[in-house]
Amino acid sequence: MKEAITLYRRKGRHLKGCRIVNTTKSHEWLNRSKPNSLAEFVDCQTDDAKAYMNRALGAVIAVETEAELIRQERALTYDCMLQTEGTTTAIREETPMLGSGGGRRQHQLQQQGRQVDEMMAEFSVLNKDHEDLDNLKENLVRMTTGLTGVGERVFDLANQRDMLHSEIDGYRQGITDLRNQDDSGVQQRISDLVNEQKQAQDQQKKLMDKLQTTRTSLIKDNASLELLDKELVEHAAARAKCEEDANFDAQSAQEKRDYMDESCSGDLDRIIFESAKKAQSELGLIEKKKNSVRDGVAQYKARYHGSGLSHQELDKVTPDSTHEQLERFVNDTIQSLRDSELAEYTEKAERARLEAETSFRSDFVAHLKDQIDKIKELIRELNAHLKNRPFHKERYGFEMTPNPELKDILELVEAYTKMDQANVGSLFDLQHDEDKPHQDALAKIHEVLKDEGESSLLQDYRNFYNFELVIKDLDGNRKTTLSQRIKTGSGGEHQVPFYVAIAAAMGATYRLRDSADGVTMGGFSLSVFDEAFNKLDAENTQTSLGFMSDLGLQTLIAAPDDKYSLMATTMDTVINVCRDGRVVDIDVEFPTPKGKELLNSDNPYRLAAKNAAESETEEVGELEPA
């Protein structure tokens, strides 16, 4: 205590207004407060603070009325009226500095802020009213100025009003007289005329609509006529161009068109479209070849005749030269080169060409035969999986039939064994094939290899076969194909073959295969479906999933809640996703074999199959030998 007073005396100029509490006598003031004093309204956490409050406020009584205030020696009301030493005064409310006063101070600041906002709002309203009053004042001034000298006109207007009233009374009297007369015939005539006018208006509206429709049709017909005239001119030009060709036979072309109309029926438009598309592709290829010829001539000119000297015919070749001119120049140049010193390289170039063709053809036959054997093995494996997976008393299987257009080449490839492939170069040379058992195939290969646009036909082994998904009954009898069912089947009948085809395609893409110990090899092999099997029943759904599992695919399916019982019997992991606004809840389940067995125990599909099997067993047991 003494040290605090010493410090206060030394630093007093910085601590003006502070008080030092003597805590050595705190125990004497712990219980020395009067009832209903202000000290009872203060909560203290330490004995020193409580003793100080009792000493400072323990004798000040909290009162409400003036009588109670006067009766006490020291008292204080809630509105800060203080009675002390025989005098009454109003004290200022101070912001608390100790205890939890910080919260009250913040509350007071907020309350004063709200009061300021209310006063500002009230000030805005009053300011707006003030502006409205100023505007009203200005309007009144302008109105007063405008009414100056209006008194005389008011008298004239009053006289006019009286005259108009008299005239209106006359009209009313005339109306009354007319009403008293019998004008039923006139009224009927007026009604008839009104009806006739309405009918005429309706008829006129119909005629206008018909006229508008006729005008629209006329505009469309004129546009169609212009288009037909334009097409007629184009067709006439095309026909004239065809007639200029010596090989064109109009009668034969018409007979062929009639035959195609009868045989192709609805597919004629598709055939025409595909033919036009192929013709456009060929025109593009021809244009590309023409450009390559032009580029080749330009490169030849720049490489061998770039010295700037005159070279007779070469000087006539320009960037604007036609393809016929380029062709004439190339043929003349080749003939000139053949007749010159390049003739000695003919035999060497021919031998190199034969070696290159022999190497290419050997690789072609070996690669093509290997790919065909792989696709046959894949079809066999897929059919083996599908054989044990019936779909609603139907079995599916893949079939591959030779493409008629490439059947000759396919027979040629399959005719030679691996030992023959070593000499396949001579087999492809027509002049060395004395018996010529595959003359047509060899000729077709030569023609295809010469055509850059058709060479891709032999590069893809899938072009040699037509693939079809066949649908059979449980006894193996052929019912229909996927191509036929697409035209007539229902939604579920459409989906089942497609899922089978999709699974087979994904298995082939991942190159899945079984190892020697029966383990499926092929990597991740993920197959993802969104709302899959939405049109399939439980039987086809489980069969499809089983087929995918047999192939070694890892299937990931997004499905609604009503598919839970069906998916849980076949899936290894089930993730339930529940979304509520921006909150997403995820629950992961791992169905165990016992859980799947429990779900399958009351599956209607499996129960029906089990009952059918039991009934068949009972029927077989009841049969007696003959």
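Please refer to the structure higher up on the page.
A quick note: this is a predicted structure, and the numbers were derived from the prediction, not measured.

Analysis parameters
Residues numbered from 1 in each chain as written. Predicted model: local features only at pLDDT ≥ 70, side-chain atom pairs only at ≥ 80, totals over all residues. Heavy atoms only, no water. Helix = DSSP H or I, 4+ residues; strand = E, 2+ residues; numbered from the N terminus. Buried < 20%, exposed > 50% of the residue type's maximum accessible area, 1.4 Å probe, protein only. Contact = heavy atoms within 4.5 Å. Areas by Shrake-Rupley, 256 points an atom, 1.4 Å probe, with all protein chains shown as cover. Patch = residues over 30% accessible without salt bridge, like charges linked within 9 Å, V, L, I, M, F, W, Y side chains within 5 Å. Salt bridge = Lys/Arg side-chain N within 4 Å of Asp/Glu carboxyl O. Pairing = 2+ DSSP bridges.

Draft legend 1. Region of the structure containing the overall build of the chain. The number of helices and strands found in the chain is 20 helices and 13 strands. The buried share of the chain, taken over its 626 residues, is 19%. The contacts in the chain between residues at least 6 apart in sequence include a share of 53% that link residues at least 24 apart. Counting every atom, the chain has about 47,900 Å² of accessible surface; 53% of that belongs to carbon and sulfur.

Draft legend 2. Layout of the environment of Phe41. Within the element layout of this structure, Phe41 appears in the loop between helix 1 (2–10) and helix 2 (47–57). Along the sequence, Phe41 and Met53 sit 12 residues apart, while their C-alpha atoms lie 9.9 Å from each other. Not counting residues up to four positions away in its chain, the partners in contact with Phe41 are Asn36 and Ala62.

Draft legend 3. Region of the structure containing a nonpolar patch on the surface. There is a patch of nonpolar side chains on the surface, built from Ile575, Val577, Val584, Ile586, Val588 and Phe590 and spanning about 600 Å² of accessible area. Of the residues forming the nonpolar patch, the biggest block, 3 residues, is contributed by strand 13 (residues 583–589). Mapped onto the secondary structure, Val584 falls in strand 13.

Draft legend 4. Layout of the sheet that holds strand 3 (residues 81–84). With mixed pairing, the 4 strands of this open sheet are ordered in space as 1-2-3-4. Of all strands in the sheet, those bounded by a partner on one side alone are strand 1 (61–62) and strand 4 (87–90). With 2 bridges joining them, strand 1 and strand 2 (residues 75–76) adopt parallel strand pairing. When the bridges of strand 2 are listed, Ala62 appears paired with Leu76.

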